[in-house]
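# Results of the structural survey
One letter stands for each residue in the lines below.
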Amino acid sequence: MRPPGILNKQPNDIQITAEQLLKDAEIHQTKEIRPPQQRIMDEAELNEYKFRKRILFENRVRRQRNYLGIWVRYAQFEEGLLEFRRARSIYERALEVDMLNVGLWMKYVEMEMRHKFIKHARNIFERSIYLMPRIDQFWFKYSYMEEVLGNYQAAREIFNRWMTWKPEEKAWMAFLKFEERMGERENQRQLMHKYMEAFPKLKIYLKVARFEIKYKNWQNARDIYERTLEELGQEALKEDYFIDFAKFEIRNKEYDRAREIFRFGLKNIPKDQAFQLYQEYLQFEKQFGQKEDIDNIIINKRRIYYREVIAQNAYNYDAWFDLCNLEMTTKDHIRVRDTFEAAIKNIPPGREKRFWRRYIYLWYNYAVYEEQEAQDFERANNIYQRAINQVPHENFTFSKLWIFYAQCLIRQKDIDRFRKVMGTAIGKCPNIKIFQEYIQLELQLANIDRVRTLYTIFVKQFPDNPIPWIKFGEFENDLEEYDRADSIFELALENNQMNMPETVWRAYIDTQIALKNYDKVRELYERLIERSKHVKIWISYAQFEQSINNIPGFRQVMQRGEKSYMGNVDQKEERAILLENWREIELQIGDQDEIKKINDKQPKKVKKRRKVKLSDNDDEDVVFEEYYDFVFPEENPLLKNLDQVRLQALKWKQSQQQ
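This one's a predicted model, so the numbers in the text were calculated from it and none came from an experiment.

Attention now moves to the confidence of the model for the protein. On average, the protein scores 82 in pLDDT, and the residues at 70 or more come to 95%. Within the protein, no element has a lower average pLDDT than helix α34 (residues 642-657), which sits at 70, and none a higher one than helix α6 (residues 118-131), at 90.

Spelled out as C-alpha cells, the structure:
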C-alpha cells in the first residue's frame, strides 16, 4: 500500500521542536505503581506472607528454570527468614539445573560460612573442588576459612592437595605467604623447590634464587643459579639471568666470579639482545675493574657496532677503516692481521678507479702497520706486492702504491729491489708522479748518471708534457751544466707538439735571469715576440728591464708594444692593458714628465650601441646591444679638451637660464 502523498508542502504555522516533544512526554508520564507497604502484626499474617512469596518464587522458577538469579534470590529470601534447611534445598535444586556454575557454589558456601555452619561449608568446598579442581577461587576460600578458624594443618593440607594440580603462580605464592605467616622456613624452601620442579622455567628459577638470597642462604642461592644453566641450557641464556647472577656475586664481593659471569653471558648471547647486560658490565668495571678492563669493554662494544655496519654492507670501507684502527689500539697483531685480511677480501666489483680509491688505502694502512708497528718488513713487502698484483694496471694504476713500496724498500736499504720495483712501475704504467719520485730518490742517493738517464726516459715517454723538460733543464742547471740545460730547453722549444709551451719559455727565461745572463734573456724575449705578440709577453719583457733598473730599455719595450697594437681595431683592449701597466710602473718610478705623457696616452672607455641580428634569414629581426669601446687620443683629437668643452657648455646653459 502506497502512503498518501503530501498535498500541502508549505511549513505549518505552529512549529513544534524536539525539546517541546520531550517536555510534553515528561509531563504526561505516569508514575511507577508500587504495592502498598504491609505491616505484619501476628504470626498468621507472617505465615500468609511466606506462603504468598513462596508461591511467587515457585511460579517464577518454574517459568524460568535456567535463570539462576531467581534461584539465588529465592534462597536468600529463605536465608533472611532463617529457614536454612529450605535455603539449602533451594541451592541444591539450583545445582541440579547447573552444577558447574561457580557463582552459585560461592553463594551457597558463603551462606554456610556467614552463619558459621562450618561442617556444611567444608562439605560444599569438598564437593566443589571435586567437581572443578581447576577453579582457584574454591581453593583460596577453603584454605582461608581453615586459616581463620586456626586449623592451620588442615589449611596446609588443602594447599598441598591444590599443588598436586600444578596451579598458576599466584597459587604457589599464596601457599608461600601462608608458610611465611606460619614461620615455617623449611616448608617454604621445600615449596619453592617443588614449584621449580613443577615449572622448570627461567623465571621460576630466578624467583627461587631470590628467595634464598632473601634469607641469606648464599650457597643455596649460588647452587640454584648454577643449576639454572645446567638444567635449562639454552633457555637460560638470557641477560636477566646473567645480570641477577652477577649482582649476587657482587653482593658477596666475588668480583672475579662476577666478571667471568658477565663475559660468559656476553659471549653466548646475541649482541642485539644484550644491551642491558653490556651496560651492567660497564658499570661493574667502572666500580671494581682496572682501566684496562674498562677499555676492553668499550673497545668490544665499538667492535660489535662496526661489525654490524659491515654486515649490512661489506663494501663500506669507512667502517673497515674504523674497525682496523680500533683493533690497532689493542696491539694484538693476530687480531689486527685477521681484520685487515678480512677487509682486503672485499674487492670492488667495478673496474673503474673511483671504486678503488678507498679500497687501496686498506692495503696502505696494512703495509704501514706491519712495517711501523709489527716491525715485520718481509710481511710488509709481501703486502705491497699482493696489492700490486691485485690492481688491474691495464685499466688504471695508483702511483702512491709504487711510491710507498719503493720508500719502504729504501728504509730497508734494499736498493737493488727498490730499483727493480720502480723499473717495473715505469714499464707497466708510466706516470709523471712515479718518474718524479724515482728521480728524487735517486738524487737523495747522489746517483747523478742514473738520474740523467731517468730524465732522458722521462722526456721520451712524455714528449708533449712541459714538466719533464723543465725539470730536466733545472736539474742540469743545478749541476752547473749550463750548456746541457740550454740544449734541453732549446729541444723543448723546437717541439711543436708541446702542450702549454709558454711554461717552457717562462722556465727558460727565469733560469737565465737567475744566472744574470741578461743578453740571453733579451734574445729569448725577442724570439718569443716573433712567435706571438701577446700583451703579457710585452709586459713581462718590460718588467724584466725595469727589474734590472734599465728604465730606457723598459720604455723602449713599452713603446714597441704600443706601436705593434696601434691601428689595429681588434687589439684595442690589449693596447689599453699595456698602457695601464705602463702607467703603474711609471708611478713606481716617479718621473712626473713621463707620467704626464703616459696619462695623455690613456684611452677613454665609451659606451656604444650596435645592431645585432637575431636570425640570418630575417633582416627586420634586429636588436641593439650596448658595449664598451676604447677611444684613443689619436682617434679623436677633441677628446683631450672634452672636459673644458663640457665646462663651457654648462656655463652657457646656466647663463641662458638666468
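Here we take up a positive patch on the surface. A cluster of basic side chains, namely R60, R62, R63 and R73, defines a positive patch on the protein surface. Among the elements that take part in the positive patch, helix α2 (residues 43-63) stands out by supplying 3 residues, more than any other. Counting through the fold element by element, R63 comes out in helix α2.

We now examine the packing of helix α26 (residues 466-478) against helix α27 (residues 482-494). For the pair α26 and α27, the least separation of the axes is 7 Å and the interaxial angle reads 165°. With respect to each other, α26 and α27 are oriented roughly antiparallel. As α26 runs across α27, the sense of the crossing is left-handed. Residues W469, I470, F472, G473, E474, E476 and N477 of α26 touch α27, and the partners they reach there are Y482, R484, A485, I488, F489, L491 and A492. Per-class residue counts for the contact of α26 with α27 are 9 nonpolar, 2 polar and 3 charged.

Further remarks concern the side chain of T339. Among the structural elements, T339 can be located in helix α18 (residues 333-344). Judged by relative accessible area, T339 falls into the buried class, the value being 7%. Non-local contacts of T339, meaning those with residues more than four positions away in its chain, are made with W320, L323, C324 and E327.

The next subject is the pattern of salt bridges. Side chains bearing opposite charge may pair, as long as their charged atoms lie close to each other. Tallied over the entire structure, the rule returns 48 salt bridges. Note that E146 is salt-bridged to R122, the shortest N-O span being 2.7 Å. Remark: R122 occurs in helix α6 and E146 occurs in helix α7 (residues 136-148); sequence separation between them is 24 residues. Between R189 and E212 there is a salt bridge, and its shortest N-O distance comes to 3.3 Å. A residue pair is termed long-range when its members are at least 10 positions apart, and R189 in helix α10 (residues 185-198) and E212 in helix α11 (residues 202-214) qualify at 23 residues. Here the two residues R189 and E212 agree in accessibility, since each one is buried. One network of salt bridges, with partners in common, ties together R222, E226, E249 and R257.

Membership of the largest hydrophobic core comes to 92 residues, with the highest contact counts inside it found for L362, F398 and L401. In this structure, F159, L191, I269 and F284 belong to the second largest nonpolar core, which totals 79 residues.

The next thing to look at is the packing of aromatic side chains. Each aromatic ring pair is characterised by the separation of its centres together with the angle its planes make. As enumerated under the stated definition, the model contains 39 aromatic pairs in all. Look at Y225 and F248: their rings are 5.6 Å apart centre to centre, the planes differ by 40°, and that puts the pair in the tilted class. You can see Y225 sitting in helix α12 (residues 218-232) and its partner F248 sitting in helix α13 (residues 239-251), a full 23 residues away along the chain. A residue is classified by how much of its surface remains accessible, and Y225, at 1% relative accessible area, is buried.

Conventions we followed
Residues numbered from 1 in each chain as written. Predicted model: local features only at pLDDT ≥ 70, side-chain atom pairs only at ≥ 80, totals over all residues. Heavy atoms only, no water. pLDDT = per-residue confidence, 0-100. Helix = DSSP H or I, 4+ residues; strand = E, 2+ residues; numbered from the N terminus. Patch = residues over 30% accessible without salt bridge, like charges linked within 9 Å, V, L, I, M, F, W, Y side chains within 5 Å. Areas by Shrake-Rupley, 256 points an atom, 1.4 Å probe, with all protein chains shown as cover. Salt bridge = Lys/Arg side-chain N within 4 Å of Asp/Glu carboxyl O. Lys, Arg positive; Asp, Glu negative; His and termini not counted. Charge placed at Lys NZ, Arg CZ, Asp CG, Glu CD. Axes fitted to C-alpha atoms, helices over the stretch in contact; angles between N-to-C directions. Parallel < 35°, antiparallel > 145°, perpendicular 65-115°, else oblique. Left-handed = near helix turned anticlockwise from the far one by under 90°. Contact = heavy atoms within 4.5 Å. Nonpolar A, V, L, I, M, F, W, Y, C, P; charged D, E, K, R; others polar. Buried < 20%, exposed > 50% of the residue type's maximum accessible area, 1.4 Å probe, protein only. Core = buried A, V, L, I, M, F, W, Y, C linked by side-chain atoms within 4.5 Å. Phe/Tyr/Trp six-rings, centres within 6.5 Å; stacked < 30°, edge-to-face > 60°.

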